[in-house]
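What follows is the residue order along each chain.
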Amino acid sequence: VGQQDAAEQQLKLLKDEDAVVRYWGAVGLDAGTDAVKPFREQVAAALDDPHPSVRIVMAGIAFKLFGSEKGRQILEGFLKQDNTYCILHALQTIEYMREKALPFVPALSELQGRFRDRTGNLDYDINCITDVVLHFLKGDALYYDAFARWTPAGQMQNDPNIHF
C-alpha cells in the first residue's frame, strides 16, 4: 500500500495458490480504493475465489467501488449462513462501507431478527455490530449516548445527510 504500482502487485497476489496470500492481497486492495478503480474486471474475477474470506473482501470492494450486484449478493449470502465467523466478516465488511451500506438494510434487519436472542459463539458481537450499523444507517448518531465518554463529540451528532 502506498506505492504507485501497489494495486497491480496486490492483484497478482490474488492468483497465488495460498489463500492467506490471496486474502492479504485483497485486504491491500481494499486499503487503496482509488488505485483499484481501473481494475474492475480483475476485481470481478476475484469474486469467484474459493476461500470465503477472500470472496468477502473482494465482494466488499466490488460493491463499494463499482456497485456490483454480484458483490452485494455474495455479502448478503454470507449474512444468511450459519457460520458465525463468515457472518461476522461479511458484517464488518458492510459496516466499513458506512452510508454505502444502505442497500443492505433489509438483509441487516433480517440478520438482527435471526440473532436477537441467540447466545452462541460470536452471537453477541454480531448483535452489537448489527445494531450499531442499523442505528447509523437510520441517520442516528454513530454511537449510543452510553458510549459518549469514549467517543469524539463529532461522532455523537446525527448526520442529516443519511436517510433511508
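Residues numbered from 1 in each chain as written. Predicted model: local features only at pLDDT ≥ 70, side-chain atom pairs only at ≥ 80, totals over all residues. Heavy atoms only, no water.

K.L.:
Outline the overall build of the protein, listing residues and values.
P.N.:
A tally of helices and strands in the protein yields nine helices and zero strands. In sequence order, the secondary structure elements of the protein are arranged as α-α-α-α-α-α-α-α-α. Relative to its 164 residues, the protein shows a buried fraction of 44%. Long-range pairs, those at least 24 residues apart, make up 55% of the contacts in the protein between residues at least 6 apart in sequence. With an accessible surface of roughly 9,300 Å², the protein has 51% of that area assigned to carbon and sulfur atoms. (Helix = DSSP H or I, 4+ residues; strand = E, 2+ residues; numbered from the N terminus. Buried < 20%, exposed > 50% of the residue type's maximum accessible area, 1.4 Å probe, protein only. Contact = heavy atoms within 4.5 Å. Areas by Shrake-Rupley, 256 points an atom, 1.4 Å probe, with all protein chains shown as cover.)

K.L.:
For the nonpolar core, give the residues involved together with the corresponding values.
P.N.:
Among the nonpolar cores identified, the biggest contains 45 residues, and M58, L79 and L108 are the most heavily contacted of them. Counting only elements with at least two residues in this core, the list comes to α1 (6–13), α2 (19–31), α5 (52–66), α6 (69–79), α7 (84–95), α8 (105–115) and α9 (123–137). Take this core: its biggest share by element is ten residues, from α5. Beyond its immediate chain neighbours, meaning those up to four positions away, L108 contacts L79, L91, I94, T130, V133, L134 and L137. (Core = buried A, V, L, I, M, F, W, Y, C linked by side-chain atoms within 4.5 Å.)

K.L.:
How would you sum up α2? Please name residues and give values.
P.N.:
The first and last C-alpha atoms of α2 sit 18 Å apart over 13 residues, in line with the 18 Å expected at 1.5 Å per residue. Within the span of α2, buried status applies to A19, R22, G25, A26, G28 and L29. Elements in contact with the buried residues of α2: α1, α3 (33–36) and α5. N-capping of α2 is provided by D18, with a side-chain oxygen placed 2.9 Å from the backbone N of V20. (Expected span 1.5 Å × (residues − 1). Polar contact = N/O pair within 3.5 Å; in protein donor to acceptor, adjacent residues only side chain to side chain.)

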